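# Structural overview for review
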Amino acid sequence: TNTVKLLGNFGTDRFTQKHTVLSPNALLFESDDSLPGTLIDTATTNVNWNAGAGALWTLYPQSRKFRSALSAGFTYGSVDFHLVSIVAKGLIAGQPSVGAARSVATTEDQGRTNDSGVYAQQEIAVLDGRLSLLAGMFGERSSGNSDTRKYYFYPKLAAVYSLIKAGSGKREAFHMFDALRVRAAYGEAGNPPGYGVKKYAGPTIGPERSREAELGLDLATKDQRVVAEVTGYQRDTSDLLMSRLEESSSGLTALTSNCGSMRNRGIEAAVLVRPLVTKEVEWTSR
């Protein structure tokens, strides 16, 4: 059996927020800066949109020796953030308007980034579905990088093996379990620089890169009375984006570069127990 699906997606959202804060002249702390009365007016808009297209080919041969799924496609995303803030102090006669202030300060913050990516992934199930293997690659470029045309590639690998053969019943050594799986995975991911970072960075600046490896075990007893999972992982992050102080003669107070690293190790565990299940009462603890 062959199946080919063409996939496409598009999404967008717009967020608008406005703040007006008035601190009247009569408040005691307003006399501290000799400009009694403060009016703060801010407006923020954020527009995001993303699109993608791809194809998925699944194959299940008549021999039933394996199942395969191959997918590939591309993604694109855009973020547009804009903030304007006005702080007016010294309100004449306490009038709550910017025009009635003796001191007006305006600040603006904006962020515009565009990211695009390509991906390919292969999944295969063998040994009557007991062993599942996955391999994939994602390539991404961003307007936040120094080289906006360069793709950074991130691989991923995963394997899951079931110790229980479907339909074996009581003949199986682990017949008291509904599911018993061991799994292993490795993957890499990137975090591109934010908007404007490369203006105050070294000659080359790129994304932070995280590499994570994990091992885990999943089990479920008959009737799902006990469901548990445990995972141990190690994550190494390199090329961390960090700012360092510069000589005042350079004209910059700080310079951002990929110069840091970090390691995380951890264990994640979860268990669900259903000690009592009847028509009238069900007791579940997590």
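Details of the structure are given in the entry above.
This one's a predicted model, so the numbers in the text were calculated from it and none came from an experiment.

Time to look at the packing of aromatic side chains. According to the stated counting rule, one finds three aromatic pairs in the structure shown. Within the aromatic cluster, the residues linked to one another by ring pairs are Phe10, Trp49 and Tyr76. Looking at Arg64, its charged tip hangs above the ring of Tyr60, at a distance of 4.2 Å from the centre. Against the face of Tyr60 rests Arg67, its NZ or CZ located 5.9 Å from the ring centre.

To continue, consider the pairing of strand S10 (residues 254-277). With 19 bridges connecting them, strand S9 (residues 226-245) and S10 associate as antiparallel partners. Of the residues in S10, the one forming a bridge with Leu245 is Ala254. As paired elements, S10 and strand S11 (residues 282-285) share three bridges and run antiparallel to each other. The residue of S11 that forms the bridge with Val277 is Glu282. Hairpin connection, S10 to S11: the antiparallel pair is bridged by four residues.

Next up on the list: unusual backbone geometry. In terms of backbone geometry, most residues other than glycine have negative phi values and most peptide bonds are trans. Positive phi values are uncommon outside glycine, yet Arg64 reaches one of about 60°. Among the structural elements, Arg64 can be located in the loop between strand S2 (38-59) and strand S3 (66-91). At Asp223, a position not held by glycine, the phi torsion is positive, near 60°. Locating Asp223 in the fold gives a position in the loop between strand S8 (208-221) and S9.

Reading guide: rules and limits
Residues numbered from 1 in each chain as written. Predicted model: local features only at pLDDT ≥ 70, side-chain atom pairs only at ≥ 80, totals over all residues. Heavy atoms only, no water. Phe/Tyr/Trp six-rings, centres within 6.5 Å; stacked < 30°, edge-to-face > 60°. Lys NZ or Arg CZ within 6 Å of the ring centre and 35° of its normal. Pairing = 2+ DSSP bridges. Helix = DSSP H or I, 4+ residues; strand = E, 2+ residues; numbered from the N terminus.

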